[in-house]
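This is what each chain is made of:
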Amino acid sequence: MTLSLLLVALTMQAQTARKFTLNLTDDGAAQMVCFLPSQPSGKAVVGVPGGGYSMLSNTHEGTLASDWMNQQGIAYFVVNYRLPNGDRTKPIGDVEQGMRIVRDSAAVWGINPHDVGIMGFSAGGHLASVISTHSAFDVRPDFTILFYPVISMDERVTHKWSCRNFLGEEGQKDPNLVREFSTDKAVRRHLTPPACIIMASDDRLVPPVTNGVQYYSAMRNVGNECSMLIYPTGDHGFGFGPWFKYHDEMLNDLGSWLQARQTPKPGAIRVACIGNSITDGHGIDMATQYGYPALLQKKLGDGYWVKNFGVSARTLLNKGDFPYMNETAWHDALAFCPDIVVIKLGTNDSKPQNWQHGAEFRHDLEQMITMLRPDLAQPVKKKKGKKAKNVQPAKPQIFLCTPIPAVKSTWDINDSVIVNGIIPIQQEVAKEYGLQVIDLHTLFAGDADKMLSDGIHPDGKGAQRLADIIAEKLTSVGDFTSER
């Protein structure tokens, strides 16, 4: 058999093995139609039809995609959500419930729970982008596909009726609400999943420049992975319809994008990188790919799953100007259920306005540790009282990184405070709680040539140096298999 005939035969075999419908609400007002492939690849996509939030276009923007998805080995689910009629919590809740069911049923349905994406069309594209930017970690997709999406809720530059139906006429008059659900304004560095946006240049219903292009720009500006496919013609609403002139080309492009996505292996060792702008990747373009956590991922290989939870300017101190533990990234890091946690905080705590609260640094560091490891709260401290609230059952190995040297006093960052105030506390706490210390202040001391001109942040070579140091320390310690 020739190679081409073999590929055709394999494609024909990879068809839908099972189709069924599940209720998403007790009354059946919202449902999810499920299409499971005969040869699952582990990938899944939750489809969200359009219709201006006034109806559901759930054929060409819904079930019509099932054959192609299943032929790729992708499990496919179409959410027939309730229309908002001004109550946006209905469609949001329905899609979140669909995401939750897919992940909860992953083992039974042959799905990798860390390879579940969302695909929305038009107003459904807006809804998919809301789930991608606003929803909690457990129901946030791993990747996002947006067909000619409504992004803005400002009816002057988008589809007016999608705005009014989603927010309600009163909500549309609230500028804060309009901004909150204009999802290009809600993109978050490292936290918003990679996206592929598909549009036609001649779309007359949802202007691409003020919607899909704005989402792409927001993603690119924060360094998140995003692709944009714009075809010359097709207007609005082509979906998976074979009448679309560029239908075959679009499927090929989308298939290539999906295949190129790297997915963590089931059971990969999870590494959460917590920190400030040095972890975040300040000054490094496309830090999601070239910051130290991304380079650490490459160094460690596919047996690990490294995620960047860094947020610029943040302090460990809860009374600092920008406390890390107030951030979504912190709650995401807990929900990630890591096997390893690398904490690199303290640089911003050395600023005068923050270090005036330095007497509380130890307490706040212990709070972070015991939230990550509730089991350490009582046995180590031997005190009675409430345990720190925590959402994850794992017992991760925690590595405390001392801050890298502050070569300059930019932004009033004080290396003397780091050396004489912060590092001694980190070392004492690490010893008491049995934690590992990565002494970056010493190990990075000879690398001033790998810093940006501000003297605070590593450049690209510095990020690689950090990744090398941290990888060597992590791999020298031993087994990180969690107790999940």
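See the structure shown above.
Each chain carries its own residue numbering, running from 1 in the written order of its sequence. Reporting of local features is limited, given that this is a predicted model, to residues whose pLDDT is at least 70; pairs of side-chain atoms are given and counted only at 80 or more, and all residues count toward the totals for whole chains, interfaces and linings. Side-chain measures here rest on the full set of heavy atoms in the structure, leaving out hydrogens and waters.

Caption draft 1: Seen up close, the layout of surface pockets. If you add up the space inside the largest pocket, you get close to 1500 Å³. Around the largest pocket sit 41 residues that line it, and Q262, P264, W305, V306 and K307 are the ones nearest its centre. Secondary structure counts use DSSP, requiring at least four H or I residues in a row for a helix and at least two E residues in a row for a strand, with both numbered from the N terminus. Breaking the lining of the largest pocket down by element, the ones donating at least two residues are α3 (89–104), α9 (247–260), α11 (287–290), α12 (292–300), β10 (304–310) and α13 (328–335). The biggest single contributor to the lining of the largest pocket is β10, with five residues. Side-chain classes are defined by residue name, with Ala, Val, Leu, Ile, Met, Phe, Trp, Tyr, Cys and Pro counting as nonpolar, Asp, Glu, Lys and Arg as charged, and the others, Gly among them, as polar. Tallied by class, the residues present in the lining of the largest pocket amount to 16 nonpolar, 11 polar and 14 charged. Using a grid of 1 Å spacing that covers the protein atoms alone, one calls a set of points a cavity when a 1.4 Å probe fits there but cannot get out, and a pocket when the set is open and has protein on both sides within 12 Å along at least five of seven lines; lining residues are those with an atom within 4 Å of a point. Grid points are joined across faces, edges and corners, and a volume is the space filled by probe spheres set on the points.

Caption draft 2: Expanded view of the environment of D203. Considering the arrangement of structural elements, one finds D203 in the loop between β7 (195–200) and α8 (212–221). Contacts: residue pairs with any heavy atoms within 4.5 Å of one another. Ignoring sequence-local partners within four residues, the contact set of D203 consists of Y148, P208, D235 and H236. A polar contact is formed between the side chain of D203 and the side chain of H236, at a distance of 2.7 Å. Pairs of N or O atoms are called polar contacts if they sit within 3.5 Å, as long as, within protein, a hydrogen donor faces a hydrogen acceptor (for residues adjacent in sequence, only side-chain-to-side-chain pairs).

Caption draft 3: Fine view of α8. A simple rule labels every residue: compare its accessible area, found with a 1.4 Å probe on the protein chains alone, to the largest value its type can have, and call it buried under 20%, exposed over 50%, or partly exposed in between. Buried within α8 we find G212, V213, Y215, A218 and M219. Its buried side turned inward, α8 meets α5 (123–134), β6 (143–147), β7 and β8 (226–231). Among the residues trailing α8, G223 stands out with phi positive, at a value near 85°.

Caption draft 4: Structural detail: the sheet that holds strand β12 (residues 397–401). In this scheme, strands are said to pair when DSSP sees at least two bridges between them. Across the sheet, five strands lie side by side as β10-β9-β11-β12-β13; this open sheet has parallel pairing. Single-partner strands in this sheet number two, and they are β10 and β13 (436–438). Ignoring which end each strand starts from, the neighbouring axes of this sheet average 20° apart. Where β12 meets β13, three bridges bridge the pair, whose relative direction is parallel. Residue pairing in the sheet places L400 in a bridge with V437 of β13. The axes used here are C-alpha line fits, helices contributing only the stretch in contact, and every angle between their N-to-C directions lies in the interval 0 to 180 degrees. Packing against the sheet, α12 makes contact with β9 (269–275), β10 and β11 (340–344), and its axis sits at approximately 170° to β10.

Caption draft 5: Representation of the nonpolar core in the model. By nonpolar core we mean a set of buried residues, namely Ala, Val, Leu, Ile, Met, Phe, Trp, Tyr and Cys, connected to one another through side-chain atoms within 4.5 Å. Core analysis: the biggest nonpolar cluster contains 78 residues, and F77, M119, F147 and F240 have the highest contact counts within it. It is β7 that contributes the most residues to this core, six residues altogether. Those residues in contact with F147, other than ones at most four positions away along the chain, are M119, G120, F121, S122, I198, F238, G239, F240, M250 and L254.

Caption draft 6: Up close: the pattern of salt bridges. For this document, the term salt bridge refers to a Lys or Arg side-chain nitrogen within 4 Å of an Asp or Glu carboxyl oxygen. Following the criterion strictly, the structure yields 23 salt bridges and no others. The salt bridge involving D184 is made with K185; its shortest N-O contact spans 3.1 Å. In this structure, a network of salt bridges that share partners links the residues R362, E366, E428 and E432.

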